[in-house]
Protein chains: 2
Amino acid sequence: MNAEILAVGTELLLGQIVNTNAQYLSEQLASLGINVFYHEVVGDNKVRLTKTLHTALDRSDIIITTGGLGPTNDDLTKEVIAQAMGKKLVLDQTSLDRITQYIKKLNIPMAKTNEKQAYLPEGCIILPNDNGTAPGCIIENDKNVVIMLPGPPREMKLMFSSYVKPYLERKSSTKLVSRVLRIFGIGESELAQRYMDLLENSVNPTVAPYAKEGEVTLRITAGCKDEQEGLALIQPVIDKLKSEIGDFIYSCDDELMEEVVVKKLAEKNMKLSCAESCTGGMIASLITNVSGASKVFEQGIVTYSNSAKMQYLNVNAKTLEKYGAVSEQTAREMALGIKNASQSDIAVSVTGIAGPTGGTAEKKVGLVYIAVADSDGVSVREFNFTGSRDRVRRLSCLNALDMVRRRIK
Amino acid sequence: MNAEILAVGTELLLGQIVNTNAQYLSEQLASLGINVFYHEVVGDNKVRLTKTLHTALDRSDIIITTGGLGPTNDDLTKEVIAQAMGKKLVLDQTSLDRITQYIKKLNIPMAKTNEKQAYLPEGCIILPNDNGTAPGCIIENDKNVVIMLPGPPREMKLMFSSYVKPYLERKSSTKLVSRVLRIFGIGESELAQRYMDLLENSVNPTVAPYAKEGEVTLRITAGCKDEQEGLALIQPVIDKLKSEIGDFIYSCDDELMEEVVVKKLAEKNMKLSCAESCTGGMIASLITNVSGASKVFEQGIVTYSNSAKMQYLNVNAKTLEKYGAVSEQTAREMALGIKNASQSDIAVSVTGIAGPTGGTAEKKVGLVYIAVADSDGVSVREFNFTGSRDRVRRLSCLNALDMVRRRIK
């Protein structure tokens, strides 16, 4: 089965928002074994939407639309699709009741225009919106399936996962099972050399790499009759990769680095603290964005100034004077300082020059020292990153978290 | 002039990356007064790319493609477009020299396949790539302009701003000048009521609202002969909005809230510090992501545990016991505590329940207290946010920064 994803909304064509819906849906459809051949975006314009829809009906089995289900006159997705497929829009009382209830809960008056949202193509499958007012729907005929979803990602995603995914699973003959490995600390090209045979010769499962900033993701996908068979097909590939590159693999389940760190700390019942200079709270923020972080995260200190480094972390004034704030020695004392102050089991510190200003001939923008301290002592690494301030900060965080991860074991 | 943006790349159809290029280009084209009527994404497939291109050539004056200019056999944008427009690909020695130089600088061997990137359609305008190997190009004929840009955003954006934007400016007869107002603390519907007349009746400049999480953006755009005339047309609208909603407008130049806060602090020569519980370092991270933050940011403390709140912020054990960590009283003591400890001019504190767990019948997930302290005293506000952990944290940060911004004046 081939699909295309058609987003409707002038705000996308003006560049006011990014079409993240297309990415989410593509990823979901890929995992269901459905090929996506086209994405399109068209504005809130009847003529262009109609033309685009006819092209899509011609060339694709499944068409998923996002957007244009709102209450205003601009919102015309349902109207255009119903007309193109020869269906009338009829009032669905259940949907109207749901909309009324939803608006009542928000304590705002129900607008007359909201009623429009309860009119749906005759004979369609109605998709309830559990995060908003606009219901979605599915129209089927001999040739096509058209699935209309709302535009706001919160509403769209919940509707897709609750109602559309199960529907498509029933339609699809083969099942695809994937596992996603996340790898850090080894470049894509070096990795490619080591797994080239897997990548080129593996038919089922397939292995697809994707390089992101500072890390590589490998998606291993098996076509199978059920999940158990799929996982069994995938496991030997994971075992082989593990034997090749060991703990460069930080997750076999597409987790974020900070999720892995929090999980490992919780398993070992360890508490972490951090002292940040150039990352300025980003490490603490990443860790505390993981639900349940309060069990493992003790405290974080952002010491931008030298005086704060001395006051909270007991960094020696002489160290700062002799080696500077961005130095191996200062990083070491910062890690030890926060570990002692917080009485945590493990501590990480970062000091560096994120740029774009602040670099010198000796210490260039991108120079970063990261230290990790635990009961065994302290280790420090020096990094020389390139790129924007934001990039230097993000790579510093990833490396700091990776150093913590490796130290926990 | 009408344009469409055609991205080429199977990775987009698999959902491995988001098409941020389309958003960037749309925004840029809108500012040049060029209407974008379609976005499309097609995979690395000759048949489908050719068909899509022919549709585009039929309906659009300008077609901008991104991606498919790489060295591998998958990369076929240039080949397909040259064929469709009846052009041969010919070697451009200057481009080959640039590619050779670029690869030499990276200290990696030049692959034979890189040479392919120096073959360009005969008679095209060549666009140098200052951030990579693949040159872009422009083909013009009587009806269309086709502009081919590389896929990686870093390369694409630099090429667009350096070479394509000046090219399109020369082609475009009217100039558009925009200013973007950012508004916080007033809902879109309330705002709409107040500026409805502006929105509906303003022809030049036009006023376009866009609601984001927690804030509203208004783009005011004037068609004009030069920038000076454009700005003069826009200013009365800004003046009117300022008289209506005053300092709900936090920027007239599309700045981020944290950029405005850092700028204002620097103007007043003030130092900020923060004490964070549920936001866990996000406020510090936002502030320190602004270049030059070191001049105004003193220190930040992430006190997740009660003991850290007492240790660093001198929060009274009795306060924590009687009112709890998430309370007006604790927020107040946190703000005063970090202000005293850091000797900064202004301090902000946040304590709350970000969820998804941790809520009780009395104190629900989303309950957040934010306090700001300066030499005039402390003020505290209570918030009841809804939504995910991430949303509660982000809204907390925005409100905390807005409270600081309002206090600086």
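Preceding block: the structure.
If you're wondering where the values come from, they're calculated on a predicted model, not measured in any experiment. (Residues numbered from 1 in each chain as written. Chains lettered and ligands numbered in written order. Predicted model: local features only at pLDDT ≥ 70, side-chain atom pairs only at ≥ 80, totals over all residues. Heavy atoms only, no water.)

Caption draft 1: View of the sheet that holds strand β10 (residues 206–212) of chain B. Residue and element names in this part refer to chain B. Pairing in this open sheet of 4 strands is antiparallel, and the strands run β10-β11-β9-β12 from one edge to the other. The two strands at the open ends of the sheet, each matched to only one other strand, are β10 and β12 (249–251). Across the sheet, the mean angle from the axis of one strand to that of its neighbour is 35°, orientation sign disregarded. With 10 bridges joining them, strand β9 (residues 175–184) and strand β11 (residues 215–224) adopt antiparallel strand pairing. What sits directly across from Ile183, in β11, is Val216. (Pairing = 2+ DSSP bridges. Helix = DSSP H or I, 4+ residues; strand = E, 2+ residues; numbered from the N terminus. Axes fitted to C-alpha atoms, helices over the stretch in contact; angles between N-to-C directions.)

Caption draft 2: Geometry of unusual backbone geometry. Between Asn204 of chain B and the following residue, Pro205 of chain B, the backbone shows a cis peptide bond with an omega angle of 5°. Following the sequence through the fold, Pro205 of chain B ends up in the loop between α7 (188–201) and β10. The omega torsion across Gly355 of chain B and Pro356 of chain B is 0°, close enough to zero to call that bond cis. Tracing the sequence through the fold places Pro356 of chain B in the loop between β15 (346–352) and β16 (367–374). Of note, the phi angle at Asp254 of chain A is positive, near 55°, even though the residue is not glycine. Here Asp254 of chain A shows up in the loop between β12 (249–251) and α9 (257–267). The class of Asp254 of chain A is partly exposed, set by a relative accessible area of 34%. (Buried < 20%, exposed > 50% of the residue type's maximum accessible area, 1.4 Å probe, protein only.)

Caption draft 3: Geometry of α9 of chain A. All names here are of chain A. Regarding α9, the residues found buried are Met257, Glu258, Val260, Val261, Val262 and Leu265. Buried residues along α9 sit against β9 (175–184), β12, β13 (272–276), α10 (282–288), β15 (346–352) and α14 (389–408). Immediately beyond the C-terminal end of α9, within one or two residues, lies Asn269, with a positive phi of roughly 55°. (Contact = heavy atoms within 4.5 Å.)

Caption draft 4: A look at the interface of chain A and chain B. Counting residues at the interface gives 59 residues for chain A and 59 residues for chain B. A per-residue breakdown of the area chain A buries against chain B is headed by Leu13, Tyr304 and Tyr312 of chain A, which together make up 12% of the total. Taken together, chain A and chain B are joined by 0 salt bridges. Our count for the contact surface shared by chain A and chain B stands at 30 residue pairs in polar contact (both at pLDDT 80 or more). The residue inventory of the side of chain A that touches chain B, partitioned by class, reads 26 nonpolar, 25 polar and 8 charged. Pairing of strand β2 (residues 35–42) of chain A with strand β2 (residues 35–42) of chain B, which is carried by 5 bridges, proceeds in the antiparallel orientation. When the bridges of β2 of chain B are listed, Val41 of chain A appears paired with His39 of chain B. (Buried area = accessible area lost by both parts, 1.4 Å probe. Salt bridge = Lys/Arg side-chain N within 4 Å of Asp/Glu carboxyl O. Polar contact = N/O pair within 3.5 Å; in protein donor to acceptor, adjacent residues only side chain to side chain. Nonpolar A, V, L, I, M, F, W, Y, C, P; charged D, E, K, R; others polar.)

Caption draft 5: Layout of the environment of Cys124 of chain A. All names here are of chain A. With respect to the helices, strands and loops of the structure, Cys124 is situated in the loop between β5 (119–121) and β6 (125–127). Overall, Cys124 belongs to the buried group, its relative accessible area being 15%. Once the C-alpha coordinates of Cys124 and Ser294 are considered, the two residues, 170 residues apart in sequence, prove to be 47 Å apart. Apart from the residues within four sequence positions on either side, Cys124 is in contact with Cys137, Ile138 and Ile139.

Caption draft 6: Structural context of the pairing of strand β16 (residues 367–374) of chain A. All names here are of chain A. In terms of burial, β16 is a largely internal element, 8 of the 8 residues being buried. The side-chain alternation of β16 yields two buried faces, one formed by Leu367, Tyr369, Ala371 and Ala373 and the other by Val368, Ile370, Val372 and Asp374. Of the strand pairs in this sheet, β15 and β16 are connected by 6 bridges, and their pairing is antiparallel. By the bridge assignment for β16, Ser349 is matched with Ala371. In the sheet, β16 pairs with strand β17 (residues 377–384) via 8 bridges, with the strands oriented antiparallel. Each bridged residue has a counterpart across the sheet, and for Asp374 the counterpart in β17 is Gly377.

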